[in-house]
Amino acid sequence: MALPNSSLYSQGLPSHSNCLTPPLHTTTHPFSIFKVPVLHTKKQQQLRLRSSYSLKNSENLSSKNQSPATCGCGLCRRQFLGAFAGPLLSQFTTFPATADPSTDLLFSNAQKMMNKVHPSKPDWYEEFYAIALDRGMKSYEKEIAGYKEQLLNPLKGEAKTVLELGIGTGPNLKYYASGRNVSVVGVDPNKHMEKYAQAAATDCGLLKSQFKFINGVGEALPIFDSSMDAVVCTLALCSVKDVGKTLKEVQRVLKPRGQFIFIEHVAAPDGTSLRFWQSLLDPLQQFVSDGCHLTRETGEVIRGSRFSDASINMTYIPSISLISPHVFGTAYK
């Protein structure tokens, strides 16, 4: 992701046997957990992506400080995703002693999938949608709070690594993200959600080293296999392009017996007047609400996926009549 110039400073590189010493003229993002070299040319980024997990050049590691610099590459977030996400999330996996080409493929596929299923929208639209969610969902959040407390509070002190899929403005963080032993990764295709999610993380006491926002999509998560204790997903599966593929990605990134927690609005029962109106307004909803579908039967898709011990419940949220039918629950890998 793009980093503000004020957050960049020069310091020594971490002494880690799996990291390749970047070329000169690099800066390091100041996070105690995620130390991310920022490369200044596209060629250097490609080199970093291909080689960062190889021990071949580990002898070249240096702890010498670099001169202060600011990022001038001008690359967009999506071009930067592959080079950035790998070292950022290195705490969530143990790398083999030799270079693994599948690692490079993971980040390359994530970038390609994002461009395919969620093409860039006008900047003003994504900014407007982020503002609308931040200001317009307060009554909904009050009404759904009891369900979120029931599902998410048990994660406190139990889950050390949590992925939130479709984190949006971060309204869920206050329910599960507290203490110094948790690291949270929020994934969302709308880059303008980052500032709101980061503010929500700060408000609930997370350090900058404990929370990272990644611009990405559920169909190809830039996350390593079996690296997450829990995946949280609320009002997100309505908007992904492929629910089945997204659930397979959730299963891939969860640790054995990892927990999937979900709250999603779904289609009303067939034959009801609400289902008629949902079907009628579904195309308009997708257009104005960043791909949100009104008629998905998400609970049935989750039930048919390869989760174990899935608990799927139904409820209605009366304040938002068009999307009042909801499913909520938990499932395990």
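Relevant structure appears above.
Conventions we followed
Residues numbered from 1 in each chain as written. Predicted model: local features only at pLDDT ≥ 70, side-chain atom pairs only at ≥ 80, totals over all residues. Heavy atoms only, no water. Pairing = 2+ DSSP bridges. Helix = DSSP H or I, 4+ residues; strand = E, 2+ residues; numbered from the N terminus. Axes fitted to C-alpha atoms, helices over the stretch in contact; angles between N-to-C directions. Patch = residues over 30% accessible without salt bridge, like charges linked within 9 Å, V, L, I, M, F, W, Y side chains within 5 Å. Areas by Shrake-Rupley, 256 points an atom, 1.4 Å probe, with all protein chains shown as cover. Salt bridge = Lys/Arg side-chain N within 4 Å of Asp/Glu carboxyl O. Buried < 20%, exposed > 50% of the residue type's maximum accessible area, 1.4 Å probe, protein only. Core = buried A, V, L, I, M, F, W, Y, C linked by side-chain atoms within 4.5 Å. Contact = heavy atoms within 4.5 Å. Right-handed = clockwise from strand over helix to strand, strands pointing away. Expected span 1.5 Å × (residues − 1). Bend = angle between axes of the 7 residues up to and from the residue.

Digging into the sheet that holds strand 7 (residues 254–265)
Then, in step 1: Overall, mixed pairing links the seven strands, which are arranged 5-4-3-6-7-9-8 in an open sheet. The two strands at the open ends of the sheet, each matched to only one other strand, are strand 5 (211–215) and strand 8 (308–316). With strand direction ignored, the average angle separating the axes of adjacent strands in the sheet is 15°.

Looking at a nonpolar patch on the surface
Then, in step 1: On the surface, a cluster of nonpolar side chains totalling about 740 Å² of accessible area is made up of Phe 276, Trp 277, Leu 280, Leu 281, Leu 284, Phe 287 and Val 288.
Then, in step 2: As for its position among the elements, Phe 287 is in helix 9 (residues 273–288).
Then, in step 3: Under the relative-accessibility criterion, Phe 287 is labelled exposed at 66%.

Here we look at the environment of His 265
Then, in step 1: Mapped onto the elements, His 265 comes out in strand 7.
Then, in step 2: Overall, the relative accessible area of 4% leaves His 265 in the buried class.
Then, in step 3: Once the C-alpha coordinates of His 265 and Glu 297 are considered, the two residues, 32 residues apart in sequence, prove to be 8.8 Å apart.

Considerations on the nonpolar core
Then, in step 1: In this structure, Leu 173, Tyr 176, Val 184 and Phe 211 are the most contacted members of the largest nonpolar core, which totals 32 residues.
Then, in step 2: Those elements that provide at least two residues to this core are helix 4 (123–136), helix 5 (138–152), helix 6 (173–176), helix 7 (194–203), strand 5, strand 6 (228–234) and strand 7.
Then, in step 3: In terms of residue count, helix 5 provides more of this core than any other element does, five residues in total.
Then, in step 4: Residue contacts for Val 184: discarding those within four places in its chain leaves Val 162, Leu 173, Tyr 176, Ala 177, Leu 206, Gln 210, Phe 211 and Lys 212.
Then, in step 5: By size, the runner-up hydrophobic cluster in this structure holds 26 residues, among which are Val 187, Met 228, Leu 254 and Ala 331.

Description of the pairing of strand 5
Side-chain positions along a regular strand alternate between the two faces of the sheet.
Then, in step 1: Within strand 5, five of the five residues are buried, leaving the element largely enclosed by the surrounding structure.
Then, in step 2: Two strands pair when backbone bridges link them, and strand 4 (residues 183–188) and strand 5 are joined in this way by five bridges, in the parallel orientation. By the bridge assignment for strand 5, Asp 188 is matched with Asn 215.
Then, in step 3: In this fold, the crossover linking strand 4 to strand 5 by way of helix 7 has right-handed handedness.

So, helix 5
Then, in step 1: Over its 15 residues, helix 5 extends only 18 Å from the first C-alpha to the last, a length that falls short of the 21 Å expected when each residue adds 1.5 Å.
Then, in step 2: A maximum bend of about 50° is found in helix 5 at Ile 144.
Then, in step 3: Listed in full, the buried residues belonging to helix 5 are Tyr 140, Glu 141, Ile 144, Ala 145, Lys 148, Leu 151 and Leu 152.
Then, in step 4: Packed against the buried residues of helix 5 are helix 6, strand 6, strand 7 and strand 9 (325–332).

Thoughts on helix 9
Then, in step 1: Along its 16 residues, helix 9 runs 22 Å from first to last C-alpha, staying within 8% of the 22 Å computed at 1.5 Å per residue.
Then, in step 2: Buried-residue contacts for helix 9 involve strand 9.
Then, in step 3: Immediately beyond the C-terminal end of helix 9, within one or two residues, lies Asp 290, with a positive phi of roughly 55°.

Overview of the pattern of salt bridges
Then, in step 1: Under the criterion given, the structure shown has twelve salt bridges.
Then, in step 2: Note that Asp 123 and Lys 191 form a salt bridge whose closest N and O atoms lie 3.3 Å from each other. On the criterion of sequence distance, the pair formed by Asp 123 in helix 4 and Lys 191 in the loop between strand 4 and helix 7 is long-range, its members being 68 residues apart.
Then, in step 3: Residues Lys 148 and Glu 141 are paired through a salt bridge, measuring 2.8 Å at the closest nitrogen-oxygen approach.
Then, in step 4: Overall, the relative accessible area of 2% leaves Lys 148 in the buried class.
Then, in step 5: Among the charged side chains, a salt-bridge network with shared partners connects Asp 123, Glu 126 and Lys 191.

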